[in-house]
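What follows is each chain in one-letter form.
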Amino acid sequence: QYDVGVFTEFIQRIVSPNVKVIPRPCGGVAQLKKNSPALLRDLEHVRQGRPVDKVLVVRDWRGPDLNSGEEQLRERIAGKHFQFPRGIQFCCVRQEMEAWLLADENAINSVARDRGGRNVSRVQGEIEKIGNPKQMFLGLLSRAGLPYTPEVCRQIAGRCDLSLLKQRCPSFRSFEQKVIDC
């Protein structure tokens, strides 16, 4: 549920606030691998019996090469045909979605100010090389006086500077391109 709000927010900011995002949370990578064909079949009928225009399948990836993670997702549906007019894109997020939220302390501080919290300092270094970004993000939220909720994560995503995010998180650049291409 945390990822749904964040990805929806980013997709709408990249494409249009009016785009309708129909999320299908999987419950983790194992469930995504197991259920991806069924989830895709569901999306072929979700709009009054018609398919969605395009699908973006997103997963966390800790490996060094995003392409190999995306290839693993493609292999799960090899030989199956789907009716999406604009196709299916696969995208891996380096580490976890929370890494992206760590990239812009101004977005966190803006949400914290609105909620009576405190400012936090910028996370230094290469964000996507942090071993456990979720733990670091939880610590940052705690220092800012913010709860870790889907709504807080969505609000932070809504205030992130996308240019800064692309600069600090290479996998976000890939995500943005796949949203546009999809």
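Criteria and thresholds
Residues numbered from 1 in each chain as written. Predicted model: local features only at pLDDT ≥ 70, side-chain atom pairs only at ≥ 80, totals over all residues. Heavy atoms only, no water. Axes fitted to C-alpha atoms, helices over the stretch in contact; angles between N-to-C directions. Helix = DSSP H or I, 4+ residues; strand = E, 2+ residues; numbered from the N terminus. Left-handed = near helix turned anticlockwise from the far one by under 90°. Contact = heavy atoms within 4.5 Å. Expected span 1.5 Å × (residues − 1). Buried < 20%, exposed > 50% of the residue type's maximum accessible area, 1.4 Å probe, protein only. Arc of directions from axis to C-beta. Phe/Tyr/Trp six-rings, centres within 6.5 Å; stacked < 30°, edge-to-face > 60°. Salt bridge = Lys/Arg side-chain N within 4 Å of Asp/Glu carboxyl O. Core = buried A, V, L, I, M, F, W, Y, C linked by side-chain atoms within 4.5 Å. Pairing = 2+ DSSP bridges. Right-handed = clockwise from strand over helix to strand, strands pointing away.

Below, the discussion takes up the packing of helix α1 (residues 2-14) against helix α9 (residues 170-181). It is the contact of α1 with α9, at a shortest axis distance of 10 Å, that shows an interaxial angle of 60 degrees. Here α1 runs over α9; the crossing is right-handed. The segment α1 lies against α9, with Phe-7, Phe-10, Ile-11 and Ile-14 engaging Phe-172, Phe-175, Glu-176, Val-179 and Ile-180.

Now for α9. The end-to-end C-alpha separation of α9 is 17 Å, in line with the 16 Å expected for 12 residues at 1.5 Å each. Looking only at α9, the buried set comprises Ser-171, Phe-172, Phe-175, Glu-176, Lys-178 and Val-179. Down the axis of α9, the buried side of the element spans an arc of 165 degrees, and every buried residue falls inside it.

We describe a pair of aromatic rings using the distance from one ring centre to the other and the angle between the two ring planes. Applying the stated criterion across every chain, the model contains 10 aromatic pairs. Aromatic pair Tyr-2 and Tyr-148: ring centres 4.2 Å apart, planes at 10 degrees, arrangement stacked. Placement of Tyr-2 in helix α1 and of Tyr-148 in the loop between α6 (133-144) and α7 (150-159) is noted, with a sequence separation of 146 residues between them. Among the residues examined, Tyr-2 registers a relative accessible area of 28% and is labelled partly exposed. Linked through ring pairs, Phe-7, Phe-10, Trp-100, Phe-172 and Phe-175 together constitute an aromatic cluster.

Using the criterion set out here, one finds 12 salt bridges in the structure. When the shortest N-O distance is used, the salt bridge between Glu-126 and Lys-129 registers 3.4 Å. Taken individually, Glu-126 and Lys-129 each receive the classification exposed, so the pair is uniform in this respect.

Now for the nonpolar core. Among the nonpolar cores identified, the biggest contains 37 residues, and Phe-10, Trp-100, Leu-101, Ile-156, Phe-172 and Phe-175 are the most heavily contacted of them. Counting residues per element, the ones that place at least two in this core are α1, β2 (88-94), α4 (97-102), α5 (105-114), α6, α7, α8 (162-168) and α9. The residues contacting Phe-175, other than those within four sequence positions of it, are Phe-7, Phe-10, Ile-11, Ile-14, Leu-56, Val-58, Cys-91 and Trp-100. Core analysis: the next-biggest nonpolar cluster, separate from the first, contains 11 residues, Leu-40, Val-52, Val-55 and Val-57 among them.

Moving on, we come to the pairing of strand β1 (residues 55-61). Here β1 shows a buried face lined by Val-55, Val-57, Arg-59 and Trp-61 and an unburied face lined by Leu-56, Val-58 and Asp-60. Where β1 meets β2, 7 bridges bridge the pair, whose relative direction is parallel. Residue pairing in the sheet places Val-55 in a bridge with Ile-88 of β2. For the segment spanning β1, helix α3 (residues 66-76) and β2, crossover handedness is right-handed.

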